[in-house]
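One letter stands for each residue in the lines below.
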Amino acid sequence: MSDDFRTIIEPFRIKAVEAIPILTREARAAALEGAGHNLFRLLAEHVTIDLLTDSGTGAMSGAQWAALMNGDESYAGSRSFLRFFEVVKRLTGHPFIFPVHQGRAAERIMARTILPPGSVVVNNTHFDTTRANIEQVGAIAVDLPVAAAANPADASPFKGDMDLARLDRALAEGVTLAMLTLTNNAAGGQPVSMANIEAVSARCKRAGVPFFLDAARFAENAWFIHAREPGFADVALPEIARRMFDLADGFTLSAKKDGLAHIGGVLATRREDWAELFRNELILGEGFPTYGGLAGRDLECVAVGLEEALEPDYLRYRARSVAYFAEGLEAVGVPVVQPPGGHAVFLDAGRLLPHIPAERFPGQALAAALYLEGGVRGVEIGSLMFPAARLQLVRLAMPRRVYTQAHIDYVVEVAERVRARASGIRGYRIVREPPFLRHFSAVLTPDEG
Ligand code: F0G
């Protein structure tokens, strides 16, 4: 878009619609009670605006649905695999490319093949499944975010960067694999600068340590480099993405994010020795190397989606809609982590509900209040999810190409109403919890105070 309009529009029009449930307050209260006050236990039919995740929840384009009909379901060597391979190879330059059913399958194969027990993996911040897969094989996952990542008020442009001084110390002590998660989901969807990717890559090369990307949100990361990093305003987005991938020895990618698909993932490398290991492990768990846990039709959708995700009008709209959401929330007095990330806004429940102590789950209280007030579902990222969490946040993730500006205005209005009665919102106690990953299934009850 060359004209400089104040309004950045959704660069699509709606061809198919899906009705969303609109419930009465009484029905929402009953659903919340029935779900044990845990939004993961709600049925989707009880949710009006679902911001639980941006993973696999996007709207596919007409071109993707058309490609789906062209899926070639041959067991080996399908036409759909060739199309998928051609797109991933052109975008990333990596020659050994394996489809997997979703991102964590790529992580699992990588961990089981190239990380002997006792290995050390450093990352800006490991996503939960990445950490779990690394720990599963007896390796150690170490997070090295920059200090700014822990400060919600710090609006630095690249809070997803890795702390290079800490990386240097870690490399001196011994590292098996270095990773960068683009964008850094666990730290607020914050981007990593090209300068940081280059610096990490160069240090790893010098130290003889291989370097991987978790490229789940590679297109959003490329957009932030284009928009914020000096020298990249005139560089095309596919070229920025290619430069990021050029710096790595391999990558994992969940196609449920910037693949704009409902399922799928990629594991790729430029190392032939690893490719052999990956292929053998892939056959054990996912399937033959030309379909890897996916149907041919899914490979088609991913191939089209990966290219659509790098279109400048789409990414401009994507970043603007998340920023618009964050501005709206701040304007009605709901504090959010700054700057807004690429795929979500993170509400600062600790600041909004200072009367609720961490052990009474202020993030959960805010998430439940947003549901009760307007049927909005987000996810607590605080002491319920991580007992030692320093920040009490609620993530409202934006599915891609799904909700319009009016939906976002509505969520802001819901949040405004919640803020108006913030001092009366109570915390929660756990009634029942499983031995691990308790946030998914715990049953809670409002604190009687
Ligand atoms: N890496 C990152 C950075 C992620 O955010 C995710 C998933 C994965 C890997 C795993 O990919 O789900 O395809 O197996 N994140 C989702 C979320 C679940 O809600 O943030 P997957």
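Residues numbered from 1 in each chain as written. Predicted model: local features only at pLDDT ≥ 70, side-chain atom pairs only at ≥ 80, totals over all residues. Heavy atoms only, no water.

Participant: How should the overall build of the protein chain be read in this particular structure?
Facilitator: Along the protein chain, the regular secondary structure elements total 15 helices and 14 strands. Taken over the C-alpha trace, the protein chain has a radius of gyration of 22 Å; the compact-globule value for 449 residues is 22 Å, and the two agree within 12%. Its C-alpha atoms put the protein chain at 60 × 55 × 45 Å along the principal axes. Relative to its 449 residues, the protein chain shows a buried fraction of 57%. Pairs at least 24 residues apart make up 72% of the contacts formed inside the protein chain by residues separated by at least 6 positions. Carbon together with sulfur atoms contributes 54% to the accessible area of the protein chain, which is approximately 18,700 Å² in total. The distance from the centre of the 47 positive side-chain charges to the centre of the 53 negative ones in the protein chain is 2 Å. (Helix = DSSP H or I, 4+ residues; strand = E, 2+ residues; numbered from the N terminus. Rg over C-alpha atoms; globule rule 2.2 N^0.38 Å. Buried < 20%, exposed > 50% of the residue type's maximum accessible area, 1.4 Å probe, protein only. Contact = heavy atoms within 4.5 Å. Areas by Shrake-Rupley, 256 points an atom, 1.4 Å probe, with all protein chains shown as cover. Lys, Arg positive; Asp, Glu negative; His and termini not counted. Charge placed at Lys NZ, Arg CZ, Asp CG, Glu CD.)

Participant: What is the right way to look at the packing of helix α4 (residues 103-114) against helix α10 (residues 272-285) in this model?
Facilitator: Axes are the key here: two packed helices are described by the angle between their axes and the distance separating the axes. Packing of α4 against α10 brings their axes to within 9 Å, and their N-to-C directions diverge by 120°. Here α4 is positioned oblique relative to α10, judged by the angle of their axes. The handedness of the crossing between α4 and α10 comes out as right-handed. Along the contact surface, α4 presents Ile109, Met110, Arg112, Thr113 and Ile114, while α10 presents Trp274, Leu277, Phe278, Glu281 and Leu282. Counted by class, the contact of α4 with α10 contains seven nonpolar, one polar and two charged residues. (Axes fitted to C-alpha atoms, helices over the stretch in contact; angles between N-to-C directions. Parallel < 35°, antiparallel > 145°, perpendicular 65-115°, else oblique. Left-handed = near helix turned anticlockwise from the far one by under 90°. Nonpolar A, V, L, I, M, F, W, Y, C, P; charged D, E, K, R; others polar.)

Participant: What is the right way to look at empty space enclosed by the protein in this model?
Facilitator: Rolled over the atoms, a probe with the dimensions of a water molecule shows which regions are left empty. Per the stated rule, a full pass over the model turns up four cavities of 30 Å³ or more. What the largest cavity holds in volume is close to 160 Å³. In terms of residues, the lining of the largest cavity owes the most to one element, α4, which gives three residues. For the lining of the largest cavity, the per-class residue count stands at two nonpolar, six polar and six charged. Computed from the structure, the second largest cavity encloses a volume of approximately 60 Å³. Lining the second largest cavity, in full, are Asn38, Leu39, Phe40, Leu52, Gln364, Ala367, Gly378, Val379, Glu380, Leu384 and His439. Elements with a contribution of two residues or more to the lining of the second largest cavity: α14 (362-374) and β11 (379-381). Considering only residue class, the lining of the second largest cavity consists of six nonpolar, four polar and one charged. (1 Å grid on protein atoms, 1.4 Å probe; cavity = no way out; pocket = protein on both sides within 12 Å on 5 of 7 lines; lining within 4 Å. Points joined across faces, edges and corners; volume = space filled by probe spheres on them.)

Participant: Help me out: how do you make sense of the domain arrangement of the protein chain in this one?
Facilitator: Reports of interface size often rely on the accessible area that becomes lost once the parts have come together. Partitioning the protein chain into structural domains gives domain 1 (25-54 + 311-446) and domain 2 (62-303). When each unit is reduced to the centre of its C-alpha atoms, the spacing between domain 1 and domain 2 is 27 Å. Contacts between domain 1 and domain 2 engage 23 residues on the former and 24 residues on the latter. Together domain 1 and domain 2 conceal approximately 2,000 Å² of surface at their shared face, both sides included; 59% is due to carbon and sulfur atoms. On the domain 1 side of the contact with domain 2, Leu315, Pro339 and Arg400 bury the most area, a combined 27% of that side's loss. On the surface where domain 1 and domain 2 come into contact, there are four salt bridges. Linking arginine 400 and aspartate 258 is a salt bridge whose minimum nitrogen-to-oxygen distance equals 3.1 Å. Summed over the shared surface of domain 1 and domain 2, the number is eleven residue pairs in polar contact (both at pLDDT 80 or more). Contributing elements (two or more residues each) for the side of domain 1 that touches domain 2: α12 (312-331) and β9 (344-348). (Domains from an automatic or database assignment. Buried area = accessible area lost by both parts, 1.4 Å probe. Salt bridge = Lys/Arg side-chain N within 4 Å of Asp/Glu carboxyl O. Polar contact = N/O pair within 3.5 Å; in protein donor to acceptor, adjacent residues only side chain to side chain.)

Participant: Quick question: what am I supposed to make of the side chain of glutamine 64 here?
Facilitator: By the element assignment, glutamine 64 lies in helix α2 (residues 62-69). What makes glutamine 64 buried here is its relative accessible area of 0%. At a separation of 2.9 Å, a polar atom in the side chain of glutamine 64 contacts the main-chain amide nitrogen of serine 61.

Participant: What is the right way to look at the site of the ligand in this model?
Facilitator: Surveying the vicinity of the ligand reveals 16 residues, the closest of which are Thr53, Arg104, Asp214, Ser254 and Lys257. Lysine 257 is positioned with one of its side-chain polar atoms (N or O) 3.0 Å from a nitrogen atom of the ligand. The site holding the ligand turns out to be the largest cavity. Considering each element in turn, the shell around the ligand owes the most residues, three residues, to α4. The residue inventory of the shell around the ligand, partitioned by class, reads one nonpolar, eight polar and seven charged. (Near = heavy atom within 4 Å. Sits in = over half its atoms within 2 Å of the grid points.)

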